[in-house]
Amino acid sequence: MLESGPAWALRCLAKTIKLLPGVFEVVEDHIGDTYRAVYTVRFEGAVYVLHAFQKKSKTGIKTPKEDINLIKERLKRAALDYESRGKS
């Protein structure tokens, strides 16, 4: 099946976050700084932005553990929100 639409377009521009299926990260550099936005398309008909931040570390490209923990917590909240809307 050929995939299209906004969710497909967002996945084309982003990389997956390991161990979090359906969660993607967009990275953008601007005037020497790096910014990241993390979102999920895990839920049919919805896109949840889980986190957006400026990367502070000057070494390494990994997303910091504190940010990963925050993303995981927000993903749980997104699932609860989605279910509360009767869309499980």
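Not measured: the values here are computed from a predicted model. (Residues numbered from 1 in each chain as written. Predicted model: local features only at pLDDT ≥ 70, side-chain atom pairs only at ≥ 80, totals over all residues. Heavy atoms only, no water.)

Draft legend 1. Looking closely at the overall build of the chain. In terms of regular secondary structure, the chain is built from two helices and four strands. Its helices and strands taken in sequence order, the chain reads α-β-β-β-β-α from the N to the C terminus. Across the 88 residues of the chain, 27% fall into the buried class. In the chain, the share of contacts with a sequence separation of at least 24, taken over all contacts with a separation of at least 6, comes to 32%. Within the structure as shown, the chain displays about 6500 Å² of accessible surface, and the carbon and sulfur contribution to it stands at 58%. (Helix = DSSP H or I, 4+ residues; strand = E, 2+ residues; numbered from the N terminus. Buried < 20%, exposed > 50% of the residue type's maximum accessible area, 1.4 Å probe, protein only. Contact = heavy atoms within 4.5 Å. Areas by Shrake-Rupley, 256 points an atom, 1.4 Å probe, with all protein chains shown as cover.)

Draft legend 2. Local environment of helix α2 (residues 65–84). End to end, α2 covers 29 Å across 20 residues, agreeing with the expected 28 Å (1.5 Å per residue, within 8%). In the segment just after α2, G86 is the residue with positive phi, at about 75°. (Expected span 1.5 Å × (residues − 1).)

Draft legend 3. Molecular detail of the environment of V41. Mapping V41 onto the fold places it in the loop between β3 (33–40) and β4 (48–55). Counting along the chain gives 19 residues from V41 to G22, while the straight-line C-alpha distance between them is 5.7 Å.

Draft legend 4. Expanded view of the sheet that holds β3. The strand order β1-β2-β3-β4 describes an open sheet built from four strands, whose pairing is antiparallel. The sheet terminates laterally at β1 (15–16) and β4, the two strands that pair on one side only. Here β1 runs beside strand β2 (residues 23–30); their pairing, made up of two bridges, is antiparallel. Within β2, the residue paired with T16 across the bridge is F24. Along the sheet face, α2 touches β2, β3 and β4 and points at about 160° away from the line of β4. (Pairing = 2+ DSSP bridges. Axes fitted to C-alpha atoms, helices over the stretch in contact; angles between N-to-C directions.)

Draft legend 5. The arrangement of the pattern of salt bridges in detail. Enumeration according to the criterion identifies four salt bridges in this entry. A salt bridge links E73 to R77; its shortest N-O distance comes to 3.8 Å. Pair noted here: E73 and R77 are both in helix α2, with a separation of four residues, about one helical turn. Several salt bridges converge on common partners, so that one network encompasses K15, E25 and R36. (Salt bridge = Lys/Arg side-chain N within 4 Å of Asp/Glu carboxyl O.)

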